[in-house]
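# Tertiary structure, described
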Amino acid sequence: MPLWFPLTVISAFFLATSDATTKRALEGRNEYLVTWLRIVPTLPLFLIPLPFIPVPKIGDDFYFCVFTALPLETIAIILYTKALKLSPLSLTLPLLSLTPLLLLVVPFLLLGERISPMGGAGILLIALGGYQLKSGQGESGFLAPLKAIAREKGALCMLGVAAIYSVTSTLGKRAIAASSPLFFAAVYLPLLVLAVTPIALYKARGELGEAARNGTVKSALLPGVCYALQALTHVYAVNLTNVAYMIAVKRLSLLFGVLYGHYLFKERGGIVPTLIMLAGVFLIVLGG
């Protein structure tokens, strides 16, 4: 089994855990402040080892990718948290399955990566299964997740996240290729925290003094640690295979997310979409 696969599954698990615990932390709290607290733990994880990380020879391509992706990533992470707050996990997370579909095109345009027929079929199955994962509440049928966009602001937010991630994932892979996984993470993630900080502090003005006393900081600790760990495993995994394969398999976080939604928030998910996604993962491992 290639190393990128278990690393990606671990990343998916930590992402889903961060999503579920973030949703719980958002109950009655400012989403901008929770977003910031969620990513702050990446600072010590990546900045402390930075002096000991070999500095690769980097050029204009690295800076282009980092500073093009940063504003997009900032928008995406805020929209992501809004989606978690506004709508059920099992209604919004399935829309992230659209990212692998977009990654059939974007990496080819930016990186020249080609997908094998079996790998492409696997991506399509994961996208289809992820798309069909839903709570069973409200609209039913194949178009239910898309119909949700019309009535759920959280679904609309997550659709924007899916589109942005298809670009930032590809730019991240290109930046890693122009440097190294750890160096990229140690530069990019602290810069992301820096970009989100003024937005969060402005939007949460008047609430900062209460954050420690009302449990906001404590509730965001576990989501933050899990987010940092998913980022660490992500940057290593994406450097070892095609972006589309890695992101498609990482969408197993949708499965974990549906389980969390069921047990923590009493949402409902389906077994058939789960089996479809697992079949897609199997095809990617065989043909990717």
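Residues numbered from 1 in each chain as written. Predicted model: local features only at pLDDT ≥ 70, side-chain atom pairs only at ≥ 80, totals over all residues. Heavy atoms only, no water.

An unreviewed UniProt entry lists the protein under the name EamA/RhaT family transporter, with Geomonas terrae as the source organism.

Their axes nearest at 10 Å, the elements helix α13 (residues 216–238) and helix α14 (residues 243–250) cross at an angle of 145 degrees. Crossing of α13 over α14 shows right-handed handedness. Across from Gln-230, His-234, Ala-237 and Val-238 in α13, the residues of α14 making contact are Val-243, Met-246, Ile-247 and Lys-250. When grouped by side-chain class, the residues that make up the contact of α13 with α14 number five nonpolar, two polar and one charged. (Axes fitted to C-alpha atoms, helices over the stretch in contact; angles between N-to-C directions. Helix = DSSP H or I, 4+ residues; strand = E, 2+ residues; numbered from the N terminus. Left-handed = near helix turned anticlockwise from the far one by under 90°. Contact = heavy atoms within 4.5 Å. Nonpolar A, V, L, I, M, F, W, Y, C, P; charged D, E, K, R; others polar.)

Okay, the nonpolar core next. Counting 70 residues, the largest nonpolar core has Tyr-80, Leu-93, Leu-96, Met-158, Phe-184, Leu-192 and Ile-284 as its most contacted members. A per-element tally of this core places helix α4 (residues 60–86) first, with 11 residues. If we skip the residues at most four places from it in the chain, Ile-284 touches Trp-4, Gly-119, Gly-122, Ile-123, Ile-126, Tyr-245, Ala-248 and Val-249. Within the second largest apolar cluster, five residues are counted, among which are Leu-33, Ala-204, Ala-211 and Ala-220. (Core = buried A, V, L, I, M, F, W, Y, C linked by side-chain atoms within 4.5 Å. Buried < 20%, exposed > 50% of the residue type's maximum accessible area, 1.4 Å probe, protein only.)

Let's shift gears to the confidence of the model for the protein. Per-residue pLDDT for the protein averages 83, and the proportion of residues at 70 or more is 86%. Per-residue pLDDT, averaged within each element of the protein, yields its smallest value for helix α9 (residues 144–151) (65) and its largest for α4 (95). (pLDDT = per-residue confidence, 0-100.)

Let's shift gears to the packing of aromatic side chains. Scanning the entire structure with this criterion turns up seven aromatic pairs. Consider the rings of Tyr-80 and Tyr-165, whose centres lie 6.3 Å apart with planes at 40 degrees: the pair is tilted. Highlighted residues: Tyr-80 in helix α4 and Tyr-165 in helix α10 (residues 153–177), separated in sequence by 85 residues. Each member of the pair, Tyr-80 as well as Tyr-165, carries the same accessibility label: buried. A centroid spacing of 5.0 Å and a plane angle of 20 degrees characterise the contact between Phe-184 and Tyr-188, whose relative ring orientation is stacked. On the criterion of helical spacing, the pair formed by Phe-184 and Tyr-188 is a turn pair, its members being four residues apart in helix α11 (residues 181–203). Exposure remark for Phe-184: the relative accessible area of 7% places this residue in the buried category. Taken together, the aromatic side chains of Phe-13, Phe-14 and Phe-256 make up a single cluster linked through ring pairs. The cationic tip of Arg-205 hangs over the ring face of Tyr-202; the distance from NZ or CZ to the ring centre is 4.1 Å. (Phe/Tyr/Trp six-rings, centres within 6.5 Å; stacked < 30°, edge-to-face > 60°. Lys NZ or Arg CZ within 6 Å of the ring centre and 35° of its normal.)

Another aspect to go through is a nonpolar patch on the surface. Taken together, the side chains of Met-118, Phe-282 and Leu-286 define a hydrophobic patch exposed on the protein surface, amounting to about 320 Å² of accessible area. Looking at the secondary structure, you find Phe-282 in helix α16 (residues 271–287). (Patch = residues over 30% accessible without salt bridge, like charges linked within 9 Å, V, L, I, M, F, W, Y side chains within 5 Å. Areas by Shrake-Rupley, 256 points an atom, 1.4 Å probe, with all protein chains shown as cover. Salt bridge = Lys/Arg side-chain N within 4 Å of Asp/Glu carboxyl O.)

Mapped onto the secondary structure, Thr-233 falls in helix α13. A relative accessible area of 13% means that Thr-233 is categorised as buried. Of note is the side chain of Thr-233, whose polar atom sits 3.4 Å from the side chain of Ser-11. Of note is the side chain of Thr-233, whose polar atom sits 3.1 Å from the backbone oxygen of Gln-230. Discounting chain neighbours no more than four positions away, the residues touching Thr-233 are Leu-7, Ile-10 and Ser-11. (Polar contact = N/O pair within 3.5 Å; in protein donor to acceptor, adjacent residues only side chain to side chain.)

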